[in-house]
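Analysis of the macromolecular model
What follows is the residue order along each chain.
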Amino acid sequence: MPDQTALPAPAAGSVPVAGAAAPAPPAPDVRGGGAPRRRGARPHRWPVVVPFFAFLAVCFGLPAGTMVYRAFTVLDPESGASRFSTENVSGSLSGAYATGLTGSVELSLFTALLATVIGTLIAQAVVTSPRPALRGIVVSASGVLANFSGAPLAFAFIATLGTTGTVTQLFHLDRTGFSLYSFTGLVLAYLYFMVPLMVVTVLPALDGLRSQWQEAAASCGATRGQYWRHVGIPVLTPSLLGGAVLMFGTAFASHATAAVMVGSSQPLITIQIANALNGNVLVGQENLALAMSLNMVVIALLVMAVQIPLQRRSARWLG
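Reading the values: the criteria
- Residues numbered from 1 in each chain as written.
- Predicted model: local features only at pLDDT ≥ 70, side-chain atom pairs only at ≥ 80, totals over all residues.
- Heavy atoms only, no water.
- pLDDT = per-residue confidence, 0-100.
- Helix = DSSP H or I, 4+ residues; strand = E, 2+ residues; numbered from the N terminus.
- Contact = heavy atoms within 4.5 Å.
- Buried < 20%, exposed > 50% of the residue type's maximum accessible area, 1.4 Å probe, protein only.
- Core = buried A, V, L, I, M, F, W, Y, C linked by side-chain atoms within 4.5 Å.

Considering every residue of the protein chain, the mean pLDDT works out to 83; 82% of them sit at 70 or more. Averaged pLDDT values for the elements of the protein chain fall to 83 in helix H12 (residues 286-318) and rise to 94 in helix H3 (residues 95-127). This stretch, residues 1-7, has a pLDDT under 50; its non-local contacts, to residues over four places away or in other chains, come to zero contacts. Predicted confidence is poor over residues 10-20, with pLDDT under 50, and the contacts of this stretch with residues over four places away or in other chains come to zero contacts.

Okay, here's the thing in structure tokens:
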């Protein structure tokens, strides 16, 4: 005889449901008496970064806006009234100032190319070295030397390779026609801190080259040169170009080393800006100096526009 256990009768006013009763929906989250909060919703955290953006606006936005405004402003020496004009910008791109801008670009390109090649070769030697202590020594020394620039570096080179410097007198470099206070001397001084900076910059990219790639190329019959030509160099190209762009920006913005070592004997835009601001050439050339600074900012923005995509592509390949 089948089991005919009686079920309890439903309460008055309720509707009987066939099968198991469905669970009741969870109560909405009404913390604090407000509206129900959606699942996954997070509280707004943008007020936390307000001080950071305020700092950027005061320390970067305000000076940049003032520079742009005054670069396009000309003061009338008689009435003292200011008017909008492009005279400062056109003047900063002509004559001796154009020569200074060209000289800075040439010096930056040349030193960036040399620093990229030399720094990459040193970094590759460190990566392939079987001695871990060598890597630690090179990385530590590069970190120190990359930050040794400015007036102390200029004085060190003057005491070593200047007209009466120790090395100059010891090896009689003055008889060979070498002069520290020239384009060649500036290149040597800039490479002193740019090569270590390139070593530190390119080491992570060289570490990202997987040994399996070289083993796979060797198993397919490729030589070491073919591996570097078809695999290694194409993968490293974004990192190397990014490092070269960084070296260019570093050399282009350097001022103290060249100012102390060569002064105005070499046409450089940074020295011309300092002379115009200090009134060493003509009094009242502050707005012209700001126009030259605006030219440097435009070049720096172009450098950043090239470097950022290269860094992203390098991170995608080596990440």
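Following the sequence through the fold, Met304 ends up in helix H12. For Met304, a relative accessible area of 43% translates into the label partly exposed. A sequence separation of 59 residues divides Met304 from Val245, and the C-alpha atoms of the two residues are 8.2 Å apart.

Right, let's talk about the nonpolar core for a bit. Judged by nonpolar contacts, the single largest core of 49 residues is most densely connected at Leu186, Tyr190 and Met261. Among the secondary structure elements, those contributing two or more residues to this core are H3, helix H5 (151-161), helix H7 (183-207), helix H9 (224-253), helix H10 (256-261), helix H11 (269-278) and H12. Here the element with the most residues in this core is H7; it accounts for 14 residues. Leaving out residues up to four positions away in the same chain, Met261 has contacts with Ala154, Phe157, Ile158, Leu180, Tyr181, Gly185, Leu186 and Ala189. With six residues, the next largest nonpolar core counts Ala71, Leu290, Ala291 and Leu294 among its residues.

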